[in-house]
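Next come the chains, spelled out residue by residue.
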Amino acid sequence: MTETVTAGQRVAPGTTPVRRARSRRRRRDTLIGLLSVLPALVLVAALMWYPLVTTVYHGFTDWDGVVTKWVGLDNYRQLFGDGDIWQYLRTNLVFFLSIPVILVISLVVAVLLHEQTPGARFFRSVYYLPCMLSVAVVGLLMRSMFAPDGMANRSLSAVGLGGLATDWLAYTVTSFLVLILAFYWQTLGQGALIFLAGLSAMPSSVVEAAQVDGAGWWRRLFRIVLPMQTPAISYFLVTNTAYVFVGLFSLIFTVTRGGPGSTTVPLDYEIYLSAFQSGDLGYASAVSVVLLVLVSIIAWLQVRNFDLYSRQGGR
Amino acid sequence: MGTNAYSRRRFLQSMTLAGGALALGACGGGSGSGKGGTLTYWNQFFPTSSSTDKSLKRDDFWVIQSAKRFADANGINVVVTDLPGDDSAFTKFRTAGVARNGPDVASLWSGAYTFGLKSYITPLDKYVDGAYRSTLTGWEVGTEGLVAGKGTLYGIPPANDGIAAVYFDSRVLDRAGAKVSEDTVLEWDQWLEVLRRIKATGVTPLALGNGDYTLFSLFYWIAQVTGGETGLRDLGDGTRKFNDPALQAVVRQWLQLVPYALPNPSTMDDPVAQVGAGKAAVVVQGPWAIAGLRDVLGQNVLMTRLPNINATAPIRDSGIGGPGGDFVVTSYSKHKDEAAAFIKHLTSKTEQLDRIKNHPHEDVKFPNLTGVDLASLFTDPLLVRQAEWVNQKFVFYADNIWPTDLVNEIYAQAQLIWAGKKTPEAFLSALDDKRDSIVKNGSK
């Protein structure tokens, strides 16, 4: 559609009919754009921002789900004052320190799969299976395997190592061993998949050139293959670091329930206990806010890491 | 267009009919005609399935039949939904309370468990008159302060659990040459001697589950030396310290059981099955274990009261138990009158006696009716004896008296001390710390 300017019609300085039309179109595009994102914005606001804001607010209250009473910083004083938070964080820290080991195991498995070692074809079809099981299933399996008369103790006895049979979930150290084994079992498939993807994306010419130059298998592995996996390693580290702070609930709930005592209670499980067992939703909100801050720092590190790597050209 | 063509009008008519049929079907999901709306009951106490007799259908169980009778008589739909039997039921009830989408009536654990959820519960005083009160026993367990008639009534007891007792495989006792009589209560040294003799036969004596080694035994022995419910209340509110020489001695004695028990009671799911499998010979449980024990041991079950902790304890030859649960009406129910009437129906003499007489396959819960000779309702000698004990003085469950957070702390700390990771002093001191923290933060 075109517009004509007739004699006597005033035209604002710098405004032509074409420009007006363009401006209208821009406004219309903006409106359409806003309307398009509105449903998503409403959903994000309702499902993320509203709960987040109310959680921060309730962190300053004594709230049982019905009655709310402003108590200022009392919940935070209680959390840091009785020192329990350090015990919960210790549990998170134990998992955090276990990540490098599963990283190495996943890398080894990925390299063996990539190198088509004997049995690789079979293993390639089964290694991801544990990732497809729900954590609840893995947890219950672990609980029954490591019961006093479970498969672990029976197997030890069967091979003449009955002296090593123990009440696995009755002691803190062995409870952590069981939990970390479950964590590894679930993470191995994911880790191997990440590294296998990284290895597959690696240009074969680089490895072949090194081979021509006389580099042996080990030298190629440590000098070429692994350095080129740095982005994958970084991704694996940051995602699992986030997991050990916010994702342990289901594993702990199904395997140890925080026991023995409360020695395997991580921060996210404590939120469940204080909110839904003790009914102290205000205190639980305060713990949630502390966890939010922690995870935000982790997320910031994650973004910063990726920025760093992308600036370095992915190296 | 052929004659069989489906016009848009016909399609819309069909969809309307189908939708209407679905809506009607949904309304008819519970018991009764539903003319007066729907009453939802979250049931934690009464079975609606059997792990041993798969031929029993849901409709064969008392609570379902009773709900149907109420629905038919009152023209209201009653939907019975099962709650988990453990403390996760409270999580479900609490979250439903926050969302206000829970039931009209629920069965909860009584005492402190119920009072901890009172934000979501309607006080029942105005629904309960003197005539109704006089028909039931155990009103104190749902009354805040645990004194009947002297506080707000939040829960109505549906039955009496009976008291925790010791059950022996009598064949193992015979093999061990251990003398145990149903009529006498073992003193502590005699109890240890019996366990020692059983162990000498090659069978681990005790199979204890999570509640068995704490709330059914340790808590009773604590109550024995502290003077019963008064002493337990003093421990719960801080008037008395856990960490004192008398209770240290109790805990030391309790730990003498460790070498005679299967490992890790906190994760043992089914102690009776361990006895059935011949891996143990003794369990400590309430009368609900009797049916299972009869299944695996037949007549070879010998039941005694819990042993006495020492000769000077103010409470002796007694037990721990009582009405461990109660019925509550939620604060957000839109059918409070009907909900209260439903509770009265479930606790009526007719219904309670029907539960005992016509549903022998269900785990026993003793009627809490006044003026009824409980022992005459049973034929199994173990149940007859338990029914006699119910009418005698015993200590109410400590976990229903103490704050729930304190009880959870005891469960947690008990795992550590049972595994040898804590001394009695450290264990009791941790309980004092927790109780003090609860008392302090409770008034936040």
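Because the structure is a prediction, the values reported are computed rather than measured. (Residues numbered from 1 in each chain as written. Chains lettered and ligands numbered in written order. Predicted model: local features only at pLDDT ≥ 70, side-chain atom pairs only at ≥ 80, totals over all residues. Heavy atoms only, no water.)

1. Details of the pattern of salt bridges
All names here are of chain B.
- Within this structure, the stated rule accounts for 19 salt bridges over all chains.
- Notably, a salt bridge pairs Lys-68 with Asp-72, separated by 3.2 Å at the nearest N-O pair. Of this pair, Lys-68 and Asp-72 are both found in helix α2 (residues 62–74), four residues apart, which corresponds to roughly one turn of the helix.
- In this structure Asp-72 comes out as partly exposed when scored by relative accessible area, which is 48%.
- In this structure, Glu-144 engages Lys-118 in a salt bridge whose closest nitrogen and oxygen atoms are separated by 2.5 Å. You can see Glu-144 sitting in the loop between α5 (130–133) and β4 (165–169) and its partner Lys-118 sitting in the loop between α4 (112–115) and α5, a full 26 residues away along the chain.
- Residue Glu-144 is classed as partly exposed on the basis of its relative accessible area of 27%. (Salt bridge = Lys/Arg side-chain N within 4 Å of Asp/Glu carboxyl O. Helix = DSSP H or I, 4+ residues; strand = E, 2+ residues; numbered from the N terminus. Buried < 20%, exposed > 50% of the residue type's maximum accessible area, 1.4 Å probe, protein only.)

2. Quick word on the pairing of strand β7 (residues 301–305) of chain B
All names here are of chain B.
- With five of five residues buried, β7 is to be regarded as a mostly interior element.
- Along β7, one buried face is formed by Val-301, Met-303 and Arg-305 and the opposite face, lined by Leu-302 and Thr-304, is buried too.
- Pairing of β4 with β7 involves five bridges; the strand directions are antiparallel. Each residue of the ladder has a partner; that of Ala-165, found in β7, is Arg-305. (Pairing = 2+ DSSP bridges.)

3. Side note on the packing of aromatic side chains
Residue and element names in this part refer to chain A.
- Taken as a whole and judged by the stated rule, the model has 45 aromatic pairs over all chains.
- Ring geometry for Phe-95 versus Phe-176: centroids 6.4 Å apart, planes at 65°, classification edge-to-face. Of this pair, Phe-95 sits in helix α3 (residues 84–114) while Phe-176 sits in helix α8 (residues 172–200), and the two are 81 residues apart along the sequence.
- On the basis of relative accessibility, which here comes to 0%, the residue Phe-95 falls in the buried class. (Phe/Tyr/Trp six-rings, centres within 6.5 Å; stacked < 30°, edge-to-face > 60°.)

4. Description of the domain arrangement of chain A
All names here are of chain A.
- Here chain A is described as being made up of domain 1 (17–58) and domain 2 (74–311).
- Relative placement of domain 1 and domain 2: their C-alpha centres are 38 Å apart.
- Taken residue by residue, the interface counts four residues in domain 1 and six residues in domain 2.
- Surface buried jointly by domain 1 and domain 2 totals about 340 Å² across both partners, of which 72% is contributed by carbon and sulfur atoms.
- Of all residues in domain 1, Thr-55, Val-56 and His-58 bury the most surface against domain 2, accounting for 85% of the area lost on that side.
- Inspection of the domain 1/domain 2 interface yields zero salt bridges.
- Connecting domain 1 to domain 2 are zero residue pairs in polar contact (both at pLDDT 80 or more). (Domains from an automatic or database assignment. Contact = heavy atoms within 4.5 Å. Buried area = accessible area lost by both parts, 1.4 Å probe. Polar contact = N/O pair within 3.5 Å; in protein donor to acceptor, adjacent residues only side chain to side chain.)

5. Things to note about the nonpolar core
- Counting residues in each nonpolar core, the largest one holds 81 residues, and the members touching the most others are B:Phe168, B:Trp191, B:Trp254 and B:Trp402.
- Looking at which domains feed residues into this core, each of domain 1 (34–161 + 322–390) and domain 2 (165–321 + 403–442) of chain B supplies at least three.
- When sequence neighbours within four positions are dropped, the list of residues in contact with B:Trp254 reads B:Trp188, B:Tyr213, B:Ser217, B:Leu218, B:Trp221, B:Ala414, B:Ile417 and B:Trp418.
- If you look at the next biggest cluster of nonpolar residues, it comprises 67 residues, including A:Ile99, A:Val225, A:Leu248 and A:Tyr283. (Core = buried A, V, L, I, M, F, W, Y, C linked by side-chain atoms within 4.5 Å.)

6. Re the packing of helix α16 (residues 404–418) of chain B against helix α17 (residues 424–442) of chain B
All names here are of chain B.
- Close contact between α16 and α17 brings their axes to 10 Å; oriented N to C, the two are set at 160°. Overall, the two elements α16 and α17 adopt an arrangement that is roughly antiparallel. The two elements α16 and α17 meet at a crossing, and its hand is right-handed. The residues of α17 that touch α16, namely those facing Asp-405, Leu-406, Glu-409, Ile-410, Gln-413, Ala-414 and Ile-417, are Pro-424, Phe-427, Ala-430, Leu-431, Lys-434, Arg-435 and Ile-438. (Axes fitted to C-alpha atoms, helices over the stretch in contact; angles between N-to-C directions. Parallel < 35°, antiparallel > 145°, perpendicular 65-115°, else oblique. Left-handed = near helix turned anticlockwise from the far one by under 90°.)

7. Examining the sheet that holds β7(B)
Residues and elements named next belong to chain B.
- Read across the open sheet, the four strands follow the order β5-β6-β4-β7; overall the sheet is mixed. On the outer flanks of this sheet lie β5 (204–206) and β7, each paired with one strand and no other. Ignoring which end each strand starts from, the neighbouring axes of this sheet average 20° apart.
- Those strands touched by helix α12 (residues 290–297) are β4, β6 (280–285) and β7, and its axis lies near 150° from that of β7.

8. Quick word on a nonpolar patch on the surface
Residues and elements named next belong to chain A.
- Where nonpolar side chains cluster on the molecular surface, the patch consists of Leu-43, Val-44, Leu-47, Met-48, Trp-49, Leu-52, Val-53, Val-56 and Leu-292 and spans about 830 Å² of accessible area.
- At eight residues, helix α1 (residues 17–58) tops the list of elements feeding residues into the nonpolar patch.
- With respect to the helices and strands, the residue Val-53 is situated in helix α1. (Patch = residues over 30% accessible without salt bridge, like charges linked within 9 Å, V, L, I, M, F, W, Y side chains within 5 Å. Areas by Shrake-Rupley, 256 points an atom, 1.4 Å probe, with all protein chains shown as cover.)

9. Considering the side chain of A:Ser175
Residue and element names in this part refer to chain A.
- Relative to the helices and strands, Ser-175 resides in helix α8.
- Since its relative accessible area comes to 0%, Ser-175 is described here as buried.
- A polar atom in the side chain of Ser-175 sits 3.4 Å from the backbone oxygen of Leu-169.

10. Quick look at the environment of B:Arg435
Residue and element names in this part refer to chain B.
- Looking at the element boundaries, Arg-435 is found in helix α17.
- Residues Arg-435 and Ser-107, spaced 328 residues apart in sequence, show a C-alpha to C-alpha distance of 27 Å.
- Not counting chain neighbours up to four residues away, the residues in contact with Arg-435 comprise Leu-235, Gly-236, Asp-237, Gly-238, Arg-240, Lys-241, Phe-242 and Leu-406.
- Of the polar contacts made by the side chain of Arg-435, one reaches the backbone oxygen of Arg-240; its length is 3.2 Å.

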